[in-house]
Amino acid sequence: MFELVWTWISRLWRRPRRWRRAVDPRDRYGRRHSGQSEATVPISKREGSVHTLDFDDKITSGQNFELRPWNHKYVVPSLNCDLLREYLARSLRVEIGRVNDAADRAFIQRLIDLTRVPDLELPPFPTASLEVDKLLSKPDPPMAQIVRVVEQDPAFVQRVWARAKTAHYSQPPETLRLAIARLGFDELWKVGMSLCLNEGVFRVRGFQDEVEEVRQHGIIAADVVSWVSGHARGPYYMAGLLHDVGKLVVFRMASVRHAKNRPTVETVEQIIKKYHPAVGVIVAEAWQLGEVVKIGAGFHHNPLAARSEQRRTAAMVQVADIAAHAVIPNRGAREHVGRKDLVEKFGAELNVPEALARARGALGRFDANKERGAA
Ligand SMILES: [Fe+2]
Ligand SMILES: [Fe+2]
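Residues numbered from 1 in each chain as written. Chains lettered and ligands numbered in written order. Predicted model: local features only at pLDDT ≥ 70, side-chain atom pairs only at ≥ 80, totals over all residues.

**Remarks on the overall build of the chain**
Part 1 of the argument: Secondary structure assignment for the chain yields 18 helices and zero strands.
Part 2 of the argument: Within the chain, buried positions represent 40% of all 375 residues.
Part 3 of the argument: Intrachain contacts of the chain at a sequence separation of at least 6 include 65% that bridge at least 24 residues. (Helix = DSSP H or I, 4+ residues; strand = E, 2+ residues; numbered from the N terminus. Buried ≥ 20, exposed ≤ 12 C-beta atoms within 10 Å, placed from the backbone. Contact = placed C-beta atoms within 7 Å.)

Here it is, written out as structure tokens:
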């Protein structure tokens, strides 16, 4: 009897403390990356016990990371960027204490200094892309104005031309207007929006291959989210395109002029893995891309950590993330593993073979565009 009473008393005692841990960033940050699943899922802790679902545990069950790069649960503690900046500063200071290498410490310090600045010192989102977005949202988009806007941006023009010269046509287009007409407005919009990931924005000495991989992954994921959401263009596409954009910012901070000052791969990988969702949300805020993009960046590794009304969006981006990783060639059994995970997590409501086919199609288009200099 005494034991029963004691159990109840200790349960009642523990409950408010667990709740405090979930909402108080100071308590949470120290243990957030300890590998405990509870520590990475603070917000919905207030909403119930979703984190105790079996399926939630399954995705962290010691799988080979090389085969499952999507398989970790790092998310953001909040979509509020003031809180996120505070969270990053605290957590990254802890990371500095964990590394021995001077170059590693300097790299993390650069990231701390950068994330204090609201705009992350990023160039503005390409103006021509935003103007084209605005014009295309009109019921009857004005072609003459669209052509004038595209003409202002040489990178935009170059990609439109390169894409319009496809094998479907025997002759290249004679004018920019014809090139745009060949592409169609949906494709034109996508070309415009993906300009924000171009080398002009993310030129990163020493990490070009990694950056290229993130761009390719984002473009494939964007097409899959587009299909899952049923919107050819708009915030869902952007959420897929930019869900890992935080990685590019971290690569920028890891990039140095002299190789001897370069941080270790292990540290860069660890920092990217843990913090790219948080940095991604800050990028989305800096570029004023809206809530859907922030949800995608912040929660694509664990939609259950998002608020209930945000989970659907986060889950669509997670589907795209897994599918886009799965179809990258030369990675052994990844597609098989990706299919298995998608079926396990979303099989009841998702046409998994179709999602993978979309991702494979997007990869094929990306490779073909790259050959023509239009990716
Ligand atoms: Fe990610
Ligand atoms: Fe991803």
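**Overview of the environment of Val317**
Part 1 of the argument: With respect to the secondary-structure elements, Val317 resides in helix α16 (residues 311-326).
Part 2 of the argument: Val317 sits in the buried class, given 31 other C-beta atoms within 10 Å.
Part 3 of the argument: Taking C-alpha positions, Val317 is 9.5 Å from Ser229, a pair spaced 88 residues apart along the chain.

**Let's talk about helix α4 (residues 81-98)**
Part 1 of the argument: Taking 1.5 Å per residue as the helical rise, α4 with its 18 residues ought to reach 26 Å, and the 25 Å between its terminal C-alpha atoms agrees with that figure.
Part 2 of the argument: Taken together, the buried positions of α4 are Cys81, Leu84, Tyr87, Leu88, Ser91, Leu92 and Glu95. The buried residues of α4 occupy an angular sector of 120 degrees when projected down its axis, which confines them to one face. More than 90 degrees from the buried face of α4, the exposed residues found are Asp82 and Gly97. (Expected span 1.5 Å × (residues − 1). Arc of directions from axis to C-beta.)

**Describing the packing of helix α6 (residues 127-136) against helix α7 (residues 143-151)**
Part 1 of the argument: Running from N to C, α6 and α7 point in directions that differ by 170 degrees, and their axes come no closer than 9 Å. The orientation of α6 relative to α7 falls into the category roughly antiparallel. The residues of α7 that touch α6, namely those facing Ala128, Glu131, Val132 and Leu135, are Gln145, Ile146, Val149 and Val150.
Part 2 of the argument: Here the residues of the contact of α6 with α7 sort into six nonpolar, one polar and one charged. (Axes fitted to C-alpha atoms, helices over the stretch in contact; angles between N-to-C directions. Parallel < 35°, antiparallel > 145°, perpendicular 65-115°, else oblique. Nonpolar A, V, L, I, M, F, W, Y, C, P; charged D, E, K, R; others polar.)

**Remarks on the confidence of the model for the chain**
Part 1 of the argument: Of the residues in the chain, 79% have a pLDDT of 70 or more, and the chain-wide mean is 81.
Part 2 of the argument: Looking over the chain, one finds the lowest element-wise mean pLDDT in helix α2 (residues 25-31), namely 28, and the highest in helix α15 (residues 291-299), namely 97.
Part 3 of the argument: Counting contacts from residues 12-62, a segment whose pLDDT is below 50, to residues more than four positions away or on other chains yields 63 contacts. (pLDDT = per-residue confidence, 0-100.)

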